[in-house]
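Residue strings, one per chain:
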Amino acid sequence: MLRFLVKRTLSAVLTLFAVSVLTFLMFFALPRDPVTGMCPKNCNPERLERVRQELGLSDPLVDQYAGYMKGIVTGRELSAAQGGYCDAPCLGWSYVNNEAVTDTLARVLPVTLSIVVPAAILWLLLGVGLGLVSALRRGTWVDRAAIGFALTGASLQLYFVGAVLLLVFVHTLGWLPVPGYTSLFDDPVRWAGGLVLAWVSLALLFSASYARLFRAQLLETLGEDFVRTARAKGLPSSAVYGRHALRAAITPVVTVAGLDVGAALGGTVITETTFGIQGLGRTAVDAVRAGDLPTIMATVLVAAVFVVLANMLVDLLYLAIDPRVRWG
């Protein structure tokens, strides 16, 4: 088990290192010069070069990368134009917002977390529940209704579902306030009221695929030899399903859920745009439009961290679900 955890941790570190290198190189691959974006239109070449020197963009590429990584781990000294010393994790200075990128992320990350985490809980409960009921009532009207819901959900798009929910519950019935973000610690009721439509929209769409996946896996598992053996031993249905069938069928769902949650935390662009909420996804899009390269680099790195952490969490859940993984 220890070797398994060490192996996964090393793999995660190497992945993040590779992403950091590629992201840093992307900074220089983009055609837009950040110094030109900072400097007024009448800047002469001498002024541009002086600004470039102040920002350290004239240093060798290796030194710039080393300084960037050092800033993430221990912090680093920036120029006066960049706010002076930047505490770890220092992700650079936003030329567009004129603030440390870390401050920008600290403002928008709670928003994205508030959207994705409750929505993920909803779509897992709804998807697994529908898949379970559908498999246990195979061939009945309940099964057909669940399959119909899954097919409908898989064919819809988030911007359509979100627009319909906004029209009905906000603008027509007036049951909910206009979506927005309020800190959970400031006002839990406003926090939930401003995000509930985003949660429901994501849950309706994601749960459809989970219902289909879990139904298929459970039906396949119920036909396996170890389930028939458990029934032949006279075990009660609760033990057959709970201890054997469900535990084996849930493994693919855990895999997909880890990838979906990690990707969603990396940036729910469509969700945030549909409901007018400024989270990590909209911040990344705004940074691309404005050519705010430090913010682009930071959002890519944060998205990679979420995906890697989600995969590590999946691996740890495998240890609990399938003990055979410990010896893999």
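In the block above lies the structure referred to throughout.
Keep in mind that what you see is a predicted model, and the values were worked out from it rather than measured. (Residues numbered from 1 in each chain as written. Predicted model: local features only at pLDDT ≥ 70, side-chain atom pairs only at ≥ 80, totals over all residues. Heavy atoms only, no water.)

**Q** Where do I start with the environment of Leu-136 in this structure?
**A** For Leu-136, the location among the structural elements is in helix α5 (residues 101-136). Overall, the relative accessible area of 36% leaves Leu-136 in the partly exposed class. (Helix = DSSP H or I, 4+ residues; strand = E, 2+ residues; numbered from the N terminus. Buried < 20%, exposed > 50% of the residue type's maximum accessible area, 1.4 Å probe, protein only.)

**Q** Can you help me understand unusual backbone geometry in this one?
**A** A negative phi angle is the norm for most residues apart from glycine, just as the trans form is the norm for most peptide bonds. The omega angle of the peptide bond from Ala-88 to Pro-89 is -5 degrees, so this bond is cis rather than trans. Here Pro-89 is to be found in the loop between β2 (85-86) and β3 (93-94). Its identity as a non-glycine residue notwithstanding, Asn-98 has a phi of 55 degrees, on the positive side. Here Asn-98 shows up in the loop between β3 and β4 (99-100).

**Q** Hey, could you run me through the state of the cysteines in this one?
**A** By definition, a disulfide is the covalent link that joins the sulfur atoms of two cysteine residues. Throughout the structure, instances matching the rule amount to one disulfide. In this model, Cys-86 is linked to Cys-90 through a disulfide, with the two sulfur atoms separated by 2.3 Å. Taking the sign of the S-S torsion, about 110 degrees here, the bridge from Cys-86 to Cys-90 comes out right-handed. Of the residues examined, Cys-90 reaches a relative accessible area of 0% and is grouped as buried. (Disulfide = S-S within 2.5 Å.)

**Q** What should I look at first to understand helix α6 (residues 141-155) in this one?
**A** In an α-helix, one turn spans 3.6 residues, which is why side chains three or four residues apart end up on the same side. Between its first and last C-alpha, α6 extends 21 Å over 15 residues, near the 21 Å set by a 1.5 Å rise per residue. Considered for burial, the residues of α6 that qualify are Asp-143, Ala-146, Ala-150 and Gly-153. Seen from one end, α6 has its buried residues packed into an arc of 100 degrees, which puts them on one side. What points out from α6, more than 90 degrees from its buried face, is the exposed set Trp-141, Arg-144 and Ser-155. Buried residues belonging to α6 abut α5 and α8 (188-222). (Expected span 1.5 Å × (residues − 1). Arc of directions from axis to C-beta. Contact = heavy atoms within 4.5 Å.)

**Q** Would you explain the packing of α5 against helix α12 (residues 280-290) in this entry?
**A** Between two packed helices, what matters for the description is the angle formed by their axes and the separation of those axes. Taken N-terminus to C-terminus, the directions of α5 and α12 make an angle of 135 degrees; their axes are 8 Å apart at the nearest point. If you check the angle between α5 and α12, you find them oblique. Contacts between α5 and α12 pair Thr-104, Leu-105, Val-108, Leu-109 and Thr-112 from the former with Leu-280, Gly-281 and Thr-283 from the latter. (Axes fitted to C-alpha atoms, helices over the stretch in contact; angles between N-to-C directions. Parallel < 35°, antiparallel > 145°, perpendicular 65-115°, else oblique.)

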